[in-house]
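Reading the structure
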Amino acid sequence: MQMLIDGEWVDAENGNTIEVVNPASGTVIDTVPEASDADVYRAVAAAARAQRGWGQTSALARAAVMHEFAAKVRANQRELAELLTLEGGSSLAENMDEIRWVAEATEYYAEMGRNAGGRIVPSQEPTLTNLVLKRPVGVVAAIAPWNYPALLLSWKLAPALAAGNAVVIKPPAEAPLTVLRLVEMLGTPPGVVQVLTGGVEPGIRLVEHPKTDMVAFTGSVAAGQAIIRSTADQVKRLSLELSGHDAMIICDDVDVDDAVEAALWAGFTNAGQVCTSSERIYVMRNIFDEFSRKLAQRAEELIVGDPMDPNTDIGALGNASQLEKARKYVETARGLGATVLAGGTEPEGPGLFYRPTVLTGLTHDQLIELGEIFGPVMPLVPVESFDDALQLANDSDMGLGANVLTTNMERAWRAAKELRFGQVWINNPLVDNDAGPFGGFRRSGLGRELGEEGLETFQETSHVSFDYQLERKYWWYPYSSYSEVMGLKDGRTSGFLGGHAGTTAQAAGS
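Residues numbered from 1 in each chain as written. Predicted model: local features only at pLDDT ≥ 70, side-chain atom pairs only at ≥ 80, totals over all residues. Heavy atoms only, no water.

An unreviewed UniProt entry lists the chain under the name Aldehyde dehydrogenase, from Arthrobacter mangrovi.

Okay, here's the thing in structure tokens:
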């Protein structure tokens, strides 16, 4: 496939390409251009030109384009899901959902963009009107991850377009094909949305380019830190959704069988390659043995294999480095004394597969030291009390999401108030809502996606003070007039402390 620059499908200026490999079979399914520096500069220049017109297009017209796109996505859901399965390795069932979510996020922001142009605030003078205007940021560099390339791009692209921005997309090198196919369906004017394929270098050039006004990125903490450093001199607008090392608390008041099913999905969906996967499972000690045994049994029953098979529960890992990370994590855990209750092996045959793995015997401190897993590995830690569980869950430099399973309302409300995470799910793990903000505390990111906050991320705010007549104000020069009005010349106090207080600075602010 080719990439999109200024309305044209093109190869890289230097002719370089990269291969896209099916992680479930190891076969090459396509090649895409490896964008050069010249391609990046051309795309950003085109975006800057196109943004002026798109930003001045009515919100209603922008919404119509977005609704038409969402309808095409829905009509081609199976085709897009199959393509995503081929290049990403996750199960077809999960990818059908991902494509549906793309359409839903687009529809949500199409309508929100029609209702978020600003507001009028009360003014201090009878001839004065104060407006708060929401403006597009400008040119957005949107860098999508390989684990959810379509969905997590839509969380950036939809609000950015609704706000009137132009977007230059850098899809993941491992899984660019679905993004390219989606953009083929998008009817924005030339230059408003462009796609630069390739590895790390095109992304770095986009981030550093002086004419990209904002970077919207999902990925690792290390990559986010590099973006912060490289844009510091420009003080560039950033939206960073970074790593998680998410906790799950399982209380002793729940039905253990239900809790097992919830934990399975929270830890193993998309083979654990979710930034909000439950990777630290704190289980109350009096149900720990039963829960561990039943979880291990159910993990062994999950079907691992061909992601195109509708019966498959867990497909392939996204790339070879993820498989190696899972291997090393389990190997290190064993070295620390962990017991493998389920999994810990790779199925025979081709492809990047790893059995869902359940571990016991690691301490909380060891989990923190080992860090994020991002694979189908679930370590369990017993806790003596709910207070202990809350304390351990919060004891992390990550703060993306946390799950709590409980039927006790007091525990549920305490969790909602005391857990220091961007998302707290109680009894329904990992459920996102387009209308609710998503993002992390601490090293898990900057800013929020989704909801009203997600649109505001892609908007600048201007305050316009509009006086419909020009007449001299008593607080202008000469100050002799101001002093007379305020009673400064004869030593009295005017008491005029409303819109114009007794200092020059306060008066100027009126």
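**Notes on the UniProt feature "domain: Aldehyde dehydrogenase" (unreviewed entry) in the chain**
Put simply, the rule reads: UniProt positions are given in the numbering used here, feature names are shortened, and annotations may be inferred rather than shown by experiment. What counts as a helix is a DSSP run of H or I of at least four residues, what counts as a strand is a run of E of at least two, and both are numbered from the N terminus.
As annotated in UniProt, the feature "domain: Aldehyde dehydrogenase" (unreviewed entry) corresponds to residues 9–464 in the numbering used here. Taken end to end, residues 9–464 is 42% helix and 21% strand, and its first and last C-alpha atoms sit 41 Å apart.

**Remarks on the packing of aromatic side chains**
The following threshold applies: For Phe, Tyr and Trp, where Trp contributes only its six-membered ring, two rings pair if their centres lie within 6.5 Å, and the inter-plane angle classes them as stacked under 30 degrees, edge-to-face over 60, or tilted in between. Any residue under 20% of the maximum accessible area for its type is buried, any over 50% is exposed, and the rest in between are partly exposed; the area is computed with a 1.4 Å probe on protein chains only.
Under the criterion given, the structure shown has 7 aromatic pairs. Ring plane angle 80° and centroid distance 4.9 Å describe the contact between tyrosine 108 and tyrosine 109, whose orientation is recorded as edge-to-face. The interplanar angle of 85° and the centroid separation of 5.7 Å between the aromatic rings of tryptophan 146 and phenylalanine 374 together place this pair among those described as edge-to-face. In this pair, tryptophan 146 is assigned in the loop between strand S7 (139–143) and helix H5 (149–162) and phenylalanine 374 in the loop between helix H12 (364–370) and strand S16 (377–383), connecting sequence segments 228 residues apart. The class of phenylalanine 374 is buried, set by a relative accessible area of 12%. Taken together, the ring pairs connect Tyr474, Trp475, Tyr477, Tyr479 and Tyr482 into an aromatic cluster.

**Let's talk about the sheet that holds strand S5 (residues 118–121)**
Note the following rule: Any two strands between which DSSP finds at least two bridges are classified as paired. Only C-alpha atoms enter the line fits that serve as axes; for helices the fit covers just the stretch in contact. Angles between N-to-C directions range over 0 to 180 degrees.
An order of S5-S6-S22 is seen for the 3 strands of this open sheet, with the pairing classed as antiparallel. Lying at the two open borders of the sheet, with one neighbouring strand each, are S5 and strand S22 (459–467). The mean angle between the axes of side-by-side strands here comes to 20°, regardless of whether they run parallel or antiparallel.

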